[in-house]
Structures are given as C-alpha cells and as structure tokens.
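A closer look at the structure
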Amino acid sequence: DLDHTDINKEYYYRVRVQNGENTNVTDLIIYDTLEEAANTQLEEGEVTWKGSFKSIDVTPLEEQGIAPVVYYSTADPKLLDYNNVTGRKDEIWIDDESLWSTELPDDPADVTAVAVDCRKLKNGEDLVLGQNKGVQFYITMTAPPEYPTLKDPDMVYAINRPAYHSYQPDSQ
C-alpha cells in the first residue's frame, strides 16, 4: 500500500500475515526491518526516505487471544538477513540476545527492527493459525525532519521488509 505523510509527522503502517488455503501454521514470529528493504543482505541499495520508530500496537493480536511478545533490535539492519532463516522449527532468531531484546531502548528511534512472537495464546496454549486466517499489528513511525537528496525527488519512498518464521505441522 502507498500512503503519504509530511516531514517530521507521525505515520503508521500495518504488518499482516495471512495464512493460505489448506494450511495450518504454528510457531509464528513476524519480523520487520524498519524501512531498510533496500539496504539488507549485506548490500547497499538506493538511499530511501527513512522514518524513526515510535511505537508498536499489538492490540489486534491480543483481541484474537494471542499473547504477543515484542522484541526490539538496535543492530545494523544489514545483520538481519532473512535469507539465512531455513524454516526449521528449532531455528528461532529472537533467541539471539546480541540482536534482540524485549526491552524498548530509552530512545525508541534507536530501534532498527521489531519482531512479534505470536507462538502462544493468552491461555498458555500454542497458537495454531488456521486456514485462511490472518494476524496483524501496527507500527507507528515519525517521518524524518527533511527529505533525502535523491536523483529523482518525486520518487521518495520508505520501503519495509517484513518476514516471518512459522512451522506447518501437517507438512513435516
């Protein structure tokens, strides 16, 4: 989705994972490297417009009975390479304490990525995301105080790169 905001103003976007037909998913963890899609996987991409993290709203997950745990990273986004995630049930990125913490930094603008652990329900049971079911949450950002200098100033985008880890119990 495309939207517009003014410099130095607040804006938000939705992160959503929708399950497919004939598939149940467990062990769901959703990652978002904040507005660094062009600069991940140890590559430098085009300079893009980049806001600063302000907050995350997981209320929609809680309303679905999920007990979300939010993780924050202040690491260089180039270290967060989603292509290294193999999809094994035991491979959980948020266990790497050098990259992730459940403590929000004193300055939220220092956050470079978030992860939302949706593996458990409020009643303690494991989440099973059923066929054609989805989950979502919202991230609030603050636009930068000025536009970056680009080759084409009419094409200033903020680009996100969400990813998720999950397990399909019926397919293993």
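I will try to describe carefully the structure that is included in this document. Fair warning: this is a prediction, and the values are worked out from it, not measured in the lab. (Residues numbered from 1 in each chain as written. Predicted model: local features only at pLDDT ≥ 70, side-chain atom pairs only at ≥ 80, totals over all residues. Heavy atoms only, no water.)

Some remarks on the packing of aromatic side chains
- Tallied over the full model, the rule gives three aromatic pairs.
- Ring centres of Tyr12 and Tyr138 lie 5.7 Å apart, and the angle between their planes is 70 degrees; this geometry places the pair in the edge-to-face category. Taken together, the residues span a long stretch of sequence, with Tyr12 in strand S1 (residues 10-18) and Tyr138 in strand S6 (residues 134-142) at a distance of 126 residues.
- Classification of Tyr12 as exposed rests on a relative accessible area of 57%.
- Using a relative accessible area of 23% as the deciding quantity, one classes Tyr138 as partly exposed.
- When the ring of Phe53 is compared with that of Tyr72, the centres are 6.1 Å apart and the planes differ by 65 degrees; the resulting orientation is edge-to-face. Taken as a pair, Phe53 in strand S3 (residues 52-57) and Tyr72 in strand S4 (residues 69-73) lie far apart in primary sequence, 19 residues in all.
- With relative accessibility at 3%, the residue Phe53 sits in the buried group. (Phe/Tyr/Trp six-rings, centres within 6.5 Å; stacked < 30°, edge-to-face > 60°. Helix = DSSP H or I, 4+ residues; strand = E, 2+ residues; numbered from the N terminus. Buried < 20%, exposed > 50% of the residue type's maximum accessible area, 1.4 Å probe, protein only.)

Observations concerning the nonpolar core
- Of all hydrophobic cores here, the largest spans 27 residues; its most connected members are Phe53, Ile56, Phe137 and Ile139.
- Of all elements in the fold, only S1, strand S2 (26-33), S3, S4, strand S5 (113-117) and S6 reach the threshold of two or more residues within this core.
- Apart from the residues lying within four places of it in its own chain, the contact partners of Ile139 are Tyr11, Tyr12, Tyr13, Val15, Asp32, Leu34, Phe53, Ser55, Ile56 and Val114.
- The next biggest cluster of nonpolar side chains, apart from the first, holds 11 residues, and it includes Leu80, Ile94, Leu99 and Ala115. (Core = buried A, V, L, I, M, F, W, Y, C linked by side-chain atoms within 4.5 Å. Contact = heavy atoms within 4.5 Å.)

Remarks on the sheet that holds S3
- Pairing in this open sheet of three strands is antiparallel, and the strands run S1-S6-S3 from one edge to the other. Bordering the open sheet on either side are S1 and S3, each of which pairs with just one other strand. Mean inter-strand twist for the sheet, computed between neighbouring axes without regard to direction, equals 25 degrees.
- Pairing of S3 with S6, which is carried by five bridges, proceeds in the antiparallel orientation. Looking at S6, one finds that Ser52 is bridged to Thr142. (Pairing = 2+ DSSP bridges. Axes fitted to C-alpha atoms, helices over the stretch in contact; angles between N-to-C directions.)

Side note on unusual backbone geometry
- In the Ramachandran plot, Asp27 falls in the positive-phi region, its phi being about 55 degrees despite a non-glycine side chain.
- Of note, Asp27 is situated in strand S2.
- The phi dihedral of Asn132 is positive, around 60 degrees, even though this residue is not glycine.
- Assignment of secondary structure puts Asn132 in the loop between S5 and S6.
- The exposure class of Asn132 is partly exposed, given its relative accessible area of 44%.

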